[in-house]
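Structure assessment
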Amino acid sequence: MSVTTAAHATAAQAAGLDALRRQDPEIADVILAEEARQASSLQLIAAENFTSPAVLAALGSPLANKYAEGYPGARHHGGCELVDVAERIACERAAALFGAEHANVQPHSGSSAVLAAYAALLRPGDTVLAMGLTHGGHLTHGSPANFSGRWFDFVGYGVDGESGLIDYGQVRALAREHHPRAIVCGSISYPRHPDYAAFREIADEAGAYLIADAAHPIGLVAGGAAPNPVPYADVVCATTHKVLRGPRGGMILCGAELAERIDRAVFPFTQGGAQMHTVAAKAVAFAEAGAPAFTAYAHQVVANARVLAAGLLTEGLTVTTGGTDTHLITADPAPLGVDGQAARSRLAAAGLVLDTCALPWGDARGIRLGTAAVTTQGMREAEMARIAVLFGVVLREERDAREVLAEVRELTRTYPPYPG
Ligand SMILES: *Cc1c(COP(=O)(O)O)cnc(C)c1O
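On a predicted model such as this, the values are computed, not experimentally measured, just so you know. (Residues numbered from 1 in each chain as written. Predicted model: local features only at pLDDT ≥ 70, side-chain atom pairs only at ≥ 80, totals over all residues. Heavy atoms only, no water.)

As for the packing of aromatic side chains
All chains considered together, the criterion is met by 9 aromatic pairs. Residues Tyr 118 and Phe 147 carry aromatic rings whose centres are separated by 6.1 Å and whose planes lie at 55 degrees to one another, so their mutual orientation is tilted. Here the residue Tyr 118 occupies a position in helix α5 (residues 110-121), and Phe 147 occupies one in helix α6 (residues 147-151), the gap between them amounting to 29 residues. For the pair Tyr 118 and Phe 147, a shared accessibility class is recorded, and that class is buried. Three or more aromatic residues joined by ring pairs make a cluster, and in this case those are Tyr 118, Phe 147, Trp 151, Phe 152 and Phe 154. Between the NZ or CZ atom of Arg 245 and the centre of the ring of Tyr 297, over which it lies, the distance is 4.1 Å. (Phe/Tyr/Trp six-rings, centres within 6.5 Å; stacked < 30°, edge-to-face > 60°. Helix = DSSP H or I, 4+ residues; strand = E, 2+ residues; numbered from the N terminus. Buried < 20%, exposed > 50% of the residue type's maximum accessible area, 1.4 Å probe, protein only. Lys NZ or Arg CZ within 6 Å of the ring centre and 35° of its normal.)

Listed below in structure tokens is the structure:
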């Protein structure tokens, strides 16, 4: 593979990689091979997407050199006048996009955003009510392997065994019983929209803060394809790299009354200097997400996921909640005689890349997939139906994985992530 044959996002990026290859072929080759892998297999990992060439340009810019501890107009370093402009623009765009009074765009990741939200609102030892980990909670929602499970007393709510939907009666009962300081709504594998109004009501009744961890759906919110948690939650945590299609990073949205506490919880409490190249790239992504084309994209992401989920059902997989309202599908391949782990590797051999995930029943793992990346590539309902059929073929081992891989390659050639 050579620099000139790979489909780079931009000519400038190709030139940069050419120079990198002359200086450090070992690393350049990894980058080129990864670029080719992304372009020649289907990225169905629900949390992944392809950022725009403009976002990549901001990420690879000299803003990466700048130290900027603090906030615009109040930095601990000199020379921040220009990066201050970028951060102000990013905050204004995020606040306008989501209708929030305040935005903090410095969290280095979604987990950092959640850590800062807890730091702003909680004390160690406080009780927090969040979705149980086997029902779709994130590591930051009380895993013993994560700071959250170590420092706070988490109580888990779950989904109804029959419908797969959040059991709001249980959430309310647990809130009454445990008097949590905060309730967290948001999940890594729940394919439906949380009922934010119901969560707000339960939180008010319990005297608890409501934290929405909207890491997954925030991009759908930007495109008007999912309900906005901002009017309901005290604090909204999010990532910028999932459906939102920005750089890898996090952000926090809140009302004016919590703005200062949130800002201090990010810096200096849990982070050092902001990554200004990423902050600038977030600004670029917020502008892109505010454009009409992104609204169409977000709705297509959901339409694609619905068709893919229906196709998987037809192929015989069990789909949690029977479908999806989002970009995300959680499915159990057990009816086809294969568990999540084996399914993931069989599908990977055929160029269908996805995750395993916990299922709300039993110990076996299922699979989790999403349509954000393939929709960015321009694929629509017809391609989703075709992909679902390939799932059935691969999982039932009806055809050789290499044969299916050839078909996947054909799809990726028709829909390259970065058309030249
Ligand atoms: C992705 C995700 C996170 C964490 O994001 P990172 O950037 O990987 O730290 C947190 N919470 C939820 C619900 C997520 O889906």
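Describing the site of the ligand
In the vicinity of the ligand, the contacting residues are Ser 109, Gly 110, Ser 111, His 138, Ser 187, Ile 188, Asp 213, Ala 215, His 216, Thr 239, His 241 and Lys 242. At 3.3 Å, a side-chain N or O of Ser 109 approaches an oxygen atom of the ligand. Contacts to the ligand include Asp 213, whose side-chain N or O atom sits 2.6 Å from a nitrogen atom. Relative to its unbound accessible surface of 390 Å², the ligand loses 86% to contact with the protein. Tallied by class, the residues present in the shell around the ligand amount to 2 nonpolar, 8 polar and 2 charged. (Near = heavy atom within 4 Å. Polar contact = N/O pair within 3.5 Å; in protein donor to acceptor, adjacent residues only side chain to side chain. Areas by Shrake-Rupley, 256 points an atom, 1.4 Å probe, with all protein chains shown as cover. Nonpolar A, V, L, I, M, F, W, Y, C, P; charged D, E, K, R; others polar.)

Thoughts on the pairing of strand β7 (residues 182-185)
Taking every second residue as pointing to the same face, both faces of β7 are buried, with Ala 182 and Val 184 on one and Ile 183 and Cys 185 on the other. Here strand β5 (residues 127-131) runs beside β7; their pairing, made up of 2 bridges, is parallel. Bridging from a neighbouring strand, Leu 129 pairs with Ile 183 of β7. Two strands pair when backbone bridges link them, and β7 and strand β8 (residues 209-213) are joined in this way by 4 bridges, in the parallel orientation. Looking across to β8, one finds that Ile 183 is bridged to Leu 210. (Pairing = 2+ DSSP bridges.)

Observations regarding the sheet that holds strand β6 (residues 153-157)
If you trace the 7 strands from one edge of the open sheet to the other, you get β4-β10-β9-β8-β7-β5-β6, paired in mixed fashion. Because the sheet does not close on itself, it has two edges, and the strands there are β4 (102-104) and β6. Ignoring strand direction, the axes of neighbouring strands in this sheet form an average angle of 20 degrees. Seen against the sheet, helix α7 (residues 168-178) touches β5, β6 and β7 and runs at an angle of roughly 155 degrees to β6. (Axes fitted to C-alpha atoms, helices over the stretch in contact; angles between N-to-C directions. Contact = heavy atoms within 4.5 Å.)

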